[in-house]
Amino acid sequence: MSSLLIFSLLIFLMLTGMPISIALGLTVLSFVFFMTNVPTESVALKLFTGIDNFEIMAIPFFILAGNFLTHGGVARRMINFATSMVGHWYGGLGLAGVVACALFAAVSGSSPATVIAIGSIMLPAMVKQGFPKRFGAGVITTSGALGILIPPSIVMVVYSVATGGSIALDPAGHRVSSASVGQLFIAGVIPGIMLATLLGLTTFYRAWKNDYPRLPRASWAERFTAFRKCMWGLLLIVIVLGGIYTGKFTPTEAAAVSAVYAFVIAVFVYRDMSLKDVPKVLLGSANMSAMILYIITNAVLFSFLMANENIPQQIANWMAAAGVNWIVFLLVVNILLLLAGNVMEATSIVLIMAPILFPVAVKLGIHPVHLGILMVVNMEVGMCHPPVGLNLYVASGIAKMGITELTIAVMPWLLTMLGFLALVTYVPEISLWLPRMLGML
């Protein structure tokens, strides 16, 4: 009964148009004040202690690094390198867009940043070369979603933080801890490469079928020159993932290092940014970080209420008693997350749903890392379909296309993403093999 009241109140407040962060906080305060004996002081205390988490500091640092790279010309150099490698194939510039998005995703951690950085350069170039605008917009909108799957990923950090305080027991009754940020980053490598490959194949097939333009084959000298120019940006991938895997620094420390490194290469190595531009980048990063951290704070309160009312454990026990297995559960989770993607953005969905789904999944024998990657892929799909798909709105502004027209344009790639989601859902080793091989699980 309590869970019905909580979710009814939350949905009602969101339907009024209230920001999700405020709706979460108001739901908790209303329920605690009128329906429980929990002292209101404990809510105030939870507001501060809930985000007293070292891993949360990775979020503003990754946002700052991504903004430095977006403004610092790294994207343009990655596009030139990708074009030199695959531009002579069918749909050359489209394929180069997929490769460039994958490369930029590996240094930015954000899907909208990837769409802006790559799309603002690639879309005009593709239209100029003779590609239909719909084709270019479809490629960039969906490939930009790789920003939250290929590590480093802000959504993975949010999932780790959201499930960190949850209590979960496996089928044998042993307590299971949440997935760490490092485990999720390494687990996202193979799914990220697989999805980029599938999106590339979709792009190649459509270009081959419609005989879209191809670029002249670049010489190996031109390819080497393009690689040398973008090498400083690509080194960031090695620094972050290599540092985490070798234990040189934690994911939060890796985020701080990446922010400093991105500042140095943007201002002093590539010199595409002047020191006068730095305050503007810092202010923009602070605004975005404050917004995300405010949502996290209220979501932590919501998780506290869920745990206090024992709601996730009740759901887990009910599913176990009903004989629901992990196959049916994951199907329900996918449907639920795809529906949620129609009305909420990725961070809010993960913060609300992860603490509820995590104990249930563990009870059914699903690994926390597998659940995390599954949720991230769902968020990718949600970013590419209306009415709240963030990538659609960003790409719409770049391509000067309406949301309806853009929705039709992304459909072939969106269907590819849905097929990949089914594969990741029911083949856990796609997510678990690499971290297991590296001894991280």
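Our structure is the block above this text.
These numbers were taken from a predicted model, which means no experiment stands behind them. (Residues numbered from 1 in each chain as written. Predicted model: local features only at pLDDT ≥ 70, side-chain atom pairs only at ≥ 80, totals over all residues. Heavy atoms only, no water.)

### Considerations on the overall build of the chain
Counting its secondary structure elements, the chain contains 21 helices and zero strands. In terms of overall size, the chain behaves like a compact globule, its C-alpha atoms giving a radius of gyration of 22 Å where 441 residues would be expected to give roughly 22 Å. Judged by the C-alpha coordinates and their principal axes, the chain covers about 70 × 45 × 45 Å. The buried share of the chain, reckoned over its 441 residues, is 55%. (Helix = DSSP H or I, 4+ residues; strand = E, 2+ residues; numbered from the N terminus. Rg over C-alpha atoms; globule rule 2.2 N^0.38 Å. Buried < 20%, exposed > 50% of the residue type's maximum accessible area, 1.4 Å probe, protein only.)

### Points about unusual backbone geometry
The amide bond that connects Pro151 to the next residue, Pro152, takes the cis arrangement and shows omega of 0 degrees. Within the fold, Pro152 resides in the loop between α8 (133-143) and α9 (154-163). Non-glycine residue Asp211 carries a positive phi angle of around 55 degrees. Tracing the chain through its elements places Asp211 in the loop between α11 (189-210) and α12 (220-246). Its identity is not glycine, yet Lys400 carries a phi of approximately 55 degrees, on the positive side. Relative to the helices and strands, Lys400 resides in the loop between α19 (390-399) and α20 (403-426).

### Comments concerning a nonpolar patch on the surface
Taken together, the side chains of Phe224, Phe227, Met231, Trp232, Leu235, Val238, Val260, Val264, Phe268, Val269 and Leu275 define a hydrophobic patch exposed on the protein surface, amounting to about 960 Å² of accessible area. Secondary structure elements with two or more residues in the nonpolar patch: α12 and α13 (251-269). (Patch = residues over 30% accessible without salt bridge, like charges linked within 9 Å, V, L, I, M, F, W, Y side chains within 5 Å. Areas by Shrake-Rupley, 256 points an atom, 1.4 Å probe, with all protein chains shown as cover. Salt bridge = Lys/Arg side-chain N within 4 Å of Asp/Glu carboxyl O.)

### Focus on helix α21 (residues 429-437)
Of the positions making up α21, those classed as buried are Ile430, Ser431, Leu432, Leu434 and Pro435. In the core, the buried residues of α21 are packed alongside α10 (181-187), α11, α18 (368-382) and α20. Backbone geometry just after α21 places Gly439 at a positive phi near 75 degrees. (Contact = heavy atoms within 4.5 Å.)

### Some words on the state of the cysteines
Taken as a whole and assessed by the stated rule, the structure comprises zero disulfides. Free cysteine Cys101: the closest other cysteine sulfur is in Cys384, separated by 10 Å. Its relative accessible area of 0% is what places Cys101 among the buried residues. (Disulfide = S-S within 2.5 Å.)

### Here's the deal with the side chain of Ser111
Residue position: Ser111 is located in helix α7 (residues 111-129). Among the polar contacts listed, one links the side chain of Ser111 to the backbone oxygen of Ala145, at a separation of 3.2 Å. Not counting residues up to four positions away in its chain, the partners in contact with Ser111 are Gly144, Ala145, Leu146, Gly147, Ile148, Met383 and Asn391. (Polar contact = N/O pair within 3.5 Å; in protein donor to acceptor, adjacent residues only side chain to side chain.)

### Topic: α13
Among the residues of α13, Pro251, Thr252, Ala254, Ala255, Ser258, Ala259, Tyr261, Ala262, Ile265, Ala266 and Val267 are the ones counted as buried. On the buried face of α13, the contacting elements are α4 (58-71), α5 (74-86), α10, α12 and α14 (278-308). Immediately downstream of α13, the backbone of Arg271 shows phi near 60 degrees, a positive value.

### A closer look at the packing of helix α6 (residues 92-108) against α7
Between two packed helices, both the angle of their axes relative to each other and the distance between the axes serve to describe the pair. Packing of α6 against α7 leaves a shortest axis separation of 9 Å and a crossing angle of 165 degrees. By the angle between their axes, α6 is roughly antiparallel relative to α7. Where α6 crosses over α7, the handedness of that crossing is right-handed. When α6 is examined against α7, the residues Leu93, Gly94, Ala96, Gly97, Ala100, Cys101, Phe104, Ala105 and Ser108 are found in contact with a partner set consisting of Ala113, Thr114, Ala117, Ile118, Met122, Ala125, Met126 and Gln129. (Axes fitted to C-alpha atoms, helices over the stretch in contact; angles between N-to-C directions. Parallel < 35°, antiparallel > 145°, perpendicular 65-115°, else oblique. Left-handed = near helix turned anticlockwise from the far one by under 90°.)

### Concerning the environment of Ile63
Relative to the assigned elements, Ile63 resides in helix α4. Each C-alpha atom of the pair Ile63 and Gly109 lies 7.5 Å from the other, and the pair is 46 residues apart in sequence. When neighbours within four sequence positions are excluded, Ile63 is seen to be in contact with Ile154, Ser285, Met288, Ser289 and Ile292.

### As for the side chain of Asn67
With respect to the secondary-structure elements, Asn67 resides in helix α4. The exposure class assigned to Asn67 is buried, which follows from its relative accessible area of 13%.

### Some details on the nonpolar core
Counting residues in each nonpolar core, the largest one holds 157 residues, and the members touching the most others are Ile118, Tyr159, Phe329, Leu371 and Met375. In contact with Leu371, other than residues within four places in its own chain, are Tyr159, Leu357, Phe358, Ala361 and Ile366. (Core = buried A, V, L, I, M, F, W, Y, C linked by side-chain atoms within 4.5 Å.)

### What to know about the packing of aromatic side chains
This structure, assessed with the given rule, holds 11 aromatic pairs. Ring centres of Phe263 and Phe268 lie 5.7 Å apart, and the angle between their planes is 90 degrees; on these two criteria the pair is classed as edge-to-face. A relative accessible area of 22% means that Phe263 is categorised as partly exposed. Judged by relative accessible area, which is 46%, Phe268 ranks as partly exposed. An aromatic cluster is defined as three or more aromatic residues linked by ring pairs; in this entry it consists of Phe131, Phe135, Tyr212 and Trp413. Arg214 extends its terminal NZ or CZ atom over the ring of Tyr90, reaching a point 4.3 Å from the ring centre. Its end group placed over the ring of Trp220, Arg223 keeps NZ or CZ at 4.5 Å from the ring centre. (Phe/Tyr/Trp six-rings, centres within 6.5 Å; stacked < 30°, edge-to-face > 60°. Lys NZ or Arg CZ within 6 Å of the ring centre and 35° of its normal.)

### Concerning the pattern of salt bridges
By the definition in use, this model includes four salt bridges. Between Asp272 and Arg76 there is a salt bridge, and its shortest N-O distance comes to 3.6 Å. Here Asp272 is found in the loop between α13 and α14, whereas its partner Arg76 is found in helix α5, with 196 residues between them in sequence. We classify Asp272 as partly exposed; its relative accessible area is 31%.

### A short note on the packing of α5 against α12
Viewed as axis vectors pointing N to C, α5 and α12 meet at an angle of 145 degrees, and their least axial separation amounts to 8 Å. In this structure, the crossing between α5 and α12 has a hand that is left-handed. Within the contact between the two elements, α5 uses Val74, Arg77, Met78, Asn80, Phe81, Ser84 and Met85 and α12 uses Arg223, Ala226, Phe227, Lys229, Cys230, Gly233 and Leu234. Across the contact of α5 with α12, the residue classes break down as eight nonpolar, three polar and three charged. (Nonpolar A, V, L, I, M, F, W, Y, C, P; charged D, E, K, R; others polar.)

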